[in-house]
Amino acid sequence: MPSKPATVTMDAVYSAPGYLFRRMQQIAVALFMEECRPFDLTPVQYAALVAIRTHPGIDATRLSAVIAFDRSTLGSVIERLEAKRHIERKPSSGDKRIKLLHLTKSGAALLREVMPLVDRAQARMLQPLKPADRKTLLALLTQLVDLNNEASRVPLRAEDALEHFRKSS
């Protein structure tokens, strides 16, 4: 005689790590967007701008690895940043098919202006916790992300990407 399937309750859903991570991601994006509203900037656009500023002349493939973001979706992020004149694409001297990304003066100014707002959004995410709990949470999240990196659709490959970037520069 077949056994009855277990009944899943909403409490089980609400306490599941995946559900909690998804909810926190929603909250994190909402706080970021609220703080950065005057600048019409998304968290991924911000990460891309910081990476391009840090690694001028990076190509989109390397940028994807550095910020662990899907290459096909990153194309539209790059297009929006270029349309806003925050970045520019220049052909590589070694291979004209490859476009290298550079921050414009407008992009650099935007980063300077938005950084305090991003910091405030990050602080607001953790504000409800006691300082010691914030530190513990960040340490555990860092460990969890590092240990599960390979399970991601887009694993973080910053070191590999940057090593290639340094060799091609």
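Placed above this text is the structure.
Below you will find a few notes about this structure. (Residues numbered from 1 in each chain as written. Predicted model: local features only at pLDDT ≥ 70, side-chain atom pairs only at ≥ 80, totals over all residues. Heavy atoms only, no water.)

**So, the environment of T9**
Now for step 1: For T9, the position within the fold is in the segment before α1 (10-14).
Now for step 2: T9 sits 15 residues away from M24 along the chain, and the two C-alpha atoms are 21 Å apart. (Helix = DSSP H or I, 4+ residues; strand = E, 2+ residues; numbered from the N terminus.)

**Observations concerning the side chain of Q45**
Now for step 1: For Q45, the position within the fold is in helix α3 (residues 43-54).
Now for step 2: Within polar-contact distance, the side chain of Q45 engages the side chain of K84 at 3.4 Å.
Now for step 3: Leaving out residues up to four positions away in the same chain, Q45 has contacts with D40, V77, R80, L81 and K84. (Polar contact = N/O pair within 3.5 Å; in protein donor to acceptor, adjacent residues only side chain to side chain. Contact = heavy atoms within 4.5 Å.)

**Here we look at the nonpolar core**
Now for step 1: L49, L63, I87 and V114 are the most contacted members of the largest nonpolar core, which has 25 residues in total.
Now for step 2: Those elements giving two or more residues to this core turn out to be α2 (17-36), α3, α4 (60-67), α5 (71-83), β3 (99-103) and α6 (105-126).
Now for step 3: With near-sequence residues (within four places) excluded, I87 lies in contact with L49, I52, I78, L81, E82, L101, H102, L103 and T104. (Core = buried A, V, L, I, M, F, W, Y, C linked by side-chain atoms within 4.5 Å. Buried < 20%, exposed > 50% of the residue type's maximum accessible area, 1.4 Å probe, protein only.)

**Considerations on the pattern of salt bridges**
Now for step 1: Counted according to the given criterion, the structure contains ten salt bridges.
Now for step 2: Between D40 and K84 there is a salt bridge, with the nearest N and O atoms lying 3.4 Å from each other. Residue D40 is located in the loop between α2 and α3, and its partner K84 is located in the loop between α5 and β2 (87-91); the two are separated by 44 residues in the primary sequence.
Now for step 3: Each of the salt bridges in this network shares a partner with another, and the network as a whole consists of E34, E35, R120 and R124. (Salt bridge = Lys/Arg side-chain N within 4 Å of Asp/Glu carboxyl O.)

**Quick notes on the layout of surface pockets**
Now for step 1: Of the pockets and cavities examined, the largest pocket occupies roughly 1,700 Å³.
Now for step 2: At the level of elements, α2, α3, α4, α6 and α7 (131-147) are the ones that each hand at least two residues to the lining of the largest pocket.
Now for step 3: Top contributing element to the lining of the largest pocket by residue count: α2, with seven residues.
Now for step 4: Among the residues forming the lining of the largest pocket, the class breakdown is 24 nonpolar, six polar and no charged. (1 Å grid on protein atoms, 1.4 Å probe; cavity = no way out; pocket = protein on both sides within 12 Å on 5 of 7 lines; lining within 4 Å. Points joined across faces, edges and corners; volume = space filled by probe spheres on them. Nonpolar A, V, L, I, M, F, W, Y, C, P; charged D, E, K, R; others polar.)

**Side note on the packing of aromatic side chains**
Now for step 1: Here the structure, examined in full by the defined rule, presents two aromatic pairs.
Now for step 2: Both rings, one in Y14 and one in Y19, keep their centres 5.4 Å apart while their planes meet at 50°; by these two values the pair is tilted.
Now for step 3: Accessibility expressed as a relative area gives 43% for Y14, which makes it partly exposed. (Phe/Tyr/Trp six-rings, centres within 6.5 Å; stacked < 30°, edge-to-face > 60°.)

**Overview of the packing of α3 against α6**
Now for step 1: Viewed as axis vectors pointing N to C, α3 and α6 meet at an angle of 130°, and their least axial separation amounts to 11 Å. Relative to α6, the element α3 is oriented oblique. Handedness of the crossing formed by α3 with α6: left-handed. Residue-level contacts link Y46, L49, V50 and R53 of α3 to L110, L111, V114, M115 and V118 of α6. (Axes fitted to C-alpha atoms, helices over the stretch in contact; angles between N-to-C directions. Parallel < 35°, antiparallel > 145°, perpendicular 65-115°, else oblique. Left-handed = near helix turned anticlockwise from the far one by under 90°.)

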